[in-house]
Amino acid sequence: MVKSSKLRIAFIHPDLGIGGAERLVVDAALGLQSLGHSVDIYTSHHDQHHCFDETRDGRLSVHHVIPPLPRSIQGKFHIMFAHARQLHLTMHLMCTSAHQYDVFFVDQLSTCIPFLRMFYGKRVVFYCHFPDKLLANGAYVEDQRGKNVSILKYIYRFPMDWLEEATTTQADLILANSKFTARVTKSHFSSLRHQLKVVYPGINIAAYISPTDPSDPDIRQVASQRRTLLSLNRFEMKKNAALAIEAFAILRNEDPSTSDVRLVLAGGYDPRLEDNIRTLKSLIELAQSNDLTYNVITPLQPRVSVPSFPEITPNESDILFLLNFTTAQRSGLLQAQSTLALLYTPANEHFGIGPVEGMICGLPVLACDSGGPTESIVGQPADQRTGWLYRPQPSVWAQALKEICNLSETDRKALSQRAQDRAQTMFGMEAMAKSLEEVLEEAVSMGPVSRTGMWLVMSAFLVLLVVLIFRYGSF
């Protein structure tokens, strides 16, 4: 393959908030920029108060195209409106600047792929985090039969699932964030003929290992001399942070020597989302039921207001809930000498950037023994270990936490070095950017897309979009 000149790349991502998928998009864009390519990000939602710093401080070019469509109607029809909002974003792109790009990088929603290929003849690379059809009825569990759904939901989901598969297969090249995701996607998309290439998410290592300023007010807000167990995850039910609280409660009850240990649950919290609200409330109720004191805080310049909860313990609480942490707070907690381990609670996670963040800072990681973390973490043998992989059972995790809290200094240092070496070798932003560059150049080298016979199909899609916009544009 002949190496192309520097590329002009458009990223298309539905909601540029705070999450693992958004972190990948940001780091991928930064990595490609560092290789000399031109990158623009197009999105339907970008809240300046709920996003990564790089998307608002000028380091990345973000085009926020506000759609005339709601996210949902009374909490329903999320996926239908997600498709419609992306088609609106695609129309804007096609009517303004699509012609100037060499290739498109699309992730999460594949709806726009056939339009970009057929109307502009440009190649599209799709990055698959995980098929939405497998998440529609709750968290996906491999080798477990899906939940029974009502006939009405089946009728609603059938065209949505068909559209996802039909548009995904239109991509010129398809990437997956883990071997787990690639295998599951291939097995559930029967019409997919592509061989999915795994490109692991990479992180900006320098951003995690750069020295922090202990006098930074945000860092001082979360710093403590107490030994700390840390969890970084959005406040969503599927992330199962309850596992960390239950295991922590067992640890404190069974091992008096851990009375000084605290648990910090830090993550993105969006008051627009009912799932976030319910999750935080249930976690606090779980802490109270286990007689654990707690506090709920946001950074000193809050992006959201702190919800009101009773019986908060402002100082020296057992559990600290940190909503929408800053980059400085994340680094401060990960690098703190008092932090003992990172707890990664989701099961069957598609990849999970959290374990990589912990390993790059030399932290042992405790995670579930399924999904992506089984590829990022080495659990056995002990002399090669970078963390622990166990089934998501509180009593089992409590025993692992006891082992972590009682690691000798020698064992802790050796494990820390192994974790850092593995993260730097396999999951750095440079490695990801190089892999993406190769794939994007391969896509461009395929030449223009043949558009024969597709105009009627694409026109029908556009008519549908216009109808949706006029029907729901008043919301």
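Predicted model, so just to flag it, every value in this text is computed and none were measured. (Residues numbered from 1 in each chain as written. Predicted model: local features only at pLDDT ≥ 70, side-chain atom pairs only at ≥ 80, totals over all residues. Heavy atoms only, no water.)

Undergrad: I'd like a description of the sheet that holds strand E3 (residues 61-64), backed by residues and values.
TA: The parallel open sheet is built from seven strands, whose spatial order is E3-E2-E1-E4-E5-E6-E7. Single-partner strands in this sheet number two, and they are E3 and strand E7 (197-198). Bridge count between strand E4 (residues 103-107) and strand E5 (residues 123-128): five bridges; the pairing is parallel. Across the sheet, the residue bridging to aspartate 107 is tyrosine 127, located in E5. (Pairing = 2+ DSSP bridges. Helix = DSSP H or I, 4+ residues; strand = E, 2+ residues; numbered from the N terminus.)

Undergrad: Can you break down the packing of aromatic side chains residue by residue, with the values?
TA: Considering all chains together, one arrives at 13 aromatic pairs under this definition. Relative to phenylalanine 119, the ring of phenylalanine 115 has its centre 6.4 Å away and its plane inclined at 10°; by these criteria the two rings are stacked. With phenylalanine 115 and phenylalanine 119 both in helix H3 (residues 113-120) and four residues apart, the pair spans about one turn of that helix. What links up through ring pairs into an aromatic cluster is the set Phe11, Phe105 and Tyr127. We note arginine 330 situated over the ring of tyrosine 208; from NZ or CZ to the ring centre the distance is 4.0 Å. (Phe/Tyr/Trp six-rings, centres within 6.5 Å; stacked < 30°, edge-to-face > 60°. Lys NZ or Arg CZ within 6 Å of the ring centre and 35° of its normal.)

Undergrad: Residues and numbers for the packing of helix H2 (residues 78-96) against H3, please.
TA: Contact geometry of H2 with H3 gives a least axis separation of 10 Å together with a crossing angle of 20°. Put simply, H2 runs roughly parallel to H3. Handedness of the crossing formed by H2 with H3: right-handed. Here Leu87, Thr90, Leu93, Met94 and Cys95 of H2 come into contact with H3, specifically with Phe115, Leu116, Phe119 and Tyr120. The residue inventory of the contact of H2 with H3, partitioned by class, reads eight nonpolar, one polar and no charged. (Axes fitted to C-alpha atoms, helices over the stretch in contact; angles between N-to-C directions. Parallel < 35°, antiparallel > 145°, perpendicular 65-115°, else oblique. Left-handed = near helix turned anticlockwise from the far one by under 90°. Contact = heavy atoms within 4.5 Å. Nonpolar A, V, L, I, M, F, W, Y, C, P; charged D, E, K, R; others polar.)

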